Amino acid sequence: MKIGIKYCGGCNPKYNRTNLLKCLKDEYNDASFETAKDDVYYDVVIVLCGCSSACANHEKLIGRRKIIITDENDCIKAKQIISELNNCKIT
């Protein structure tokens, strides 16, 4: 699974985005995490926004699913989506 990561500018972070990403990487150590690039296809794009403004530009990031994280609680949502996609079998 290929996962693209986009950080916001970090002007008003309310939680430690780096720790949240480390938690996801530890849980999904078989996935490939990389800095998201415009117009590259990812299985999942994770936009790590530091606050609820969610102002990070992600229009050109392409993925099967896009997850906008604005606080630590969104990690649960991200894990559910990644697990669902990881368990999908394409026939």
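Residues numbered from 1 in each chain as written. Predicted model: local features only at pLDDT ≥ 70, side-chain atom pairs only at ≥ 80, totals over all residues. Heavy atoms only, no water.

Engineer: Describe the sheet that holds strand S4 (residues 62-69), listing the residues and the values that go with them.
Structural biologist: Read across the open sheet, the four strands follow the order S2-S1-S3-S4; overall the sheet is parallel. What marks the edges here is a single partner per strand, and that holds for strand S2 (32-35) and S4. Adjacent strand axes in the sheet meet at a mean angle of 25° when their direction is disregarded. Taken strand by strand, helix H2 (residues 74-87) contacts strand S1 (2-7), strand S3 (41-48) and S4, and its axis lies near 160° from that of S4. (Pairing = 2+ DSSP bridges. Helix = DSSP H or I, 4+ residues; strand = E, 2+ residues; numbered from the N terminus. Axes fitted to C-alpha atoms, helices over the stretch in contact; angles between N-to-C directions. Contact = heavy atoms within 4.5 Å.)

Engineer: Kindly report on the pairing of S3, identifying the contributing residues and their values.
Structural biologist: Taken across its eight residues, S3 has six buried, putting it largely inside the fold. Pairing of S3 with S4 involves seven bridges; the strand directions are parallel. Paired with Leu48 across the two strands is Ile69, which belongs to S4. (Buried < 20%, exposed > 50% of the residue type's maximum accessible area, 1.4 Å probe, protein only.)

Engineer: Lay out empty space enclosed by the protein in plain terms, naming residues and giving numbers.
Structural biologist: In the structure shown here, the tally under the stated rule is one cavity of 30 Å³ or more. Within this model, the largest cavity holds a volume of roughly 70 Å³. For the lining of the largest cavity, the class distribution of residues is seven nonpolar, four polar and no charged. (1 Å grid on protein atoms, 1.4 Å probe; cavity = no way out; pocket = protein on both sides within 12 Å on 5 of 7 lines; lining within 4 Å. Points joined across faces, edges and corners; volume = space filled by probe spheres on them. Nonpolar A, V, L, I, M, F, W, Y, C, P; charged D, E, K, R; others polar.)

Engineer: Break down the nonpolar core for me, citing the residues and quoting the values.
Structural biologist: Within the largest apolar cluster, 19 residues are counted, with the highest numbers of intra-cluster contacts made by Ile3, Leu24, Phe33, Ile46, Leu48, Ile67 and Ile69. Those elements that place two or more of their residues in this core are S1, helix H1 (17-27), S3, S4 and H2. The element best represented in this core is H2, accounting for five residues. Leu24 has contacts with Phe33, Ile46, Cys75, Ala78 and Lys79, leaving out every residue within four places of it along the chain. Of all hydrophobic cores here, the second largest spans eight residues; its members include Ala36, Val47, Cys49 and Leu61. (Core = buried A, V, L, I, M, F, W, Y, C linked by side-chain atoms within 4.5 Å.)

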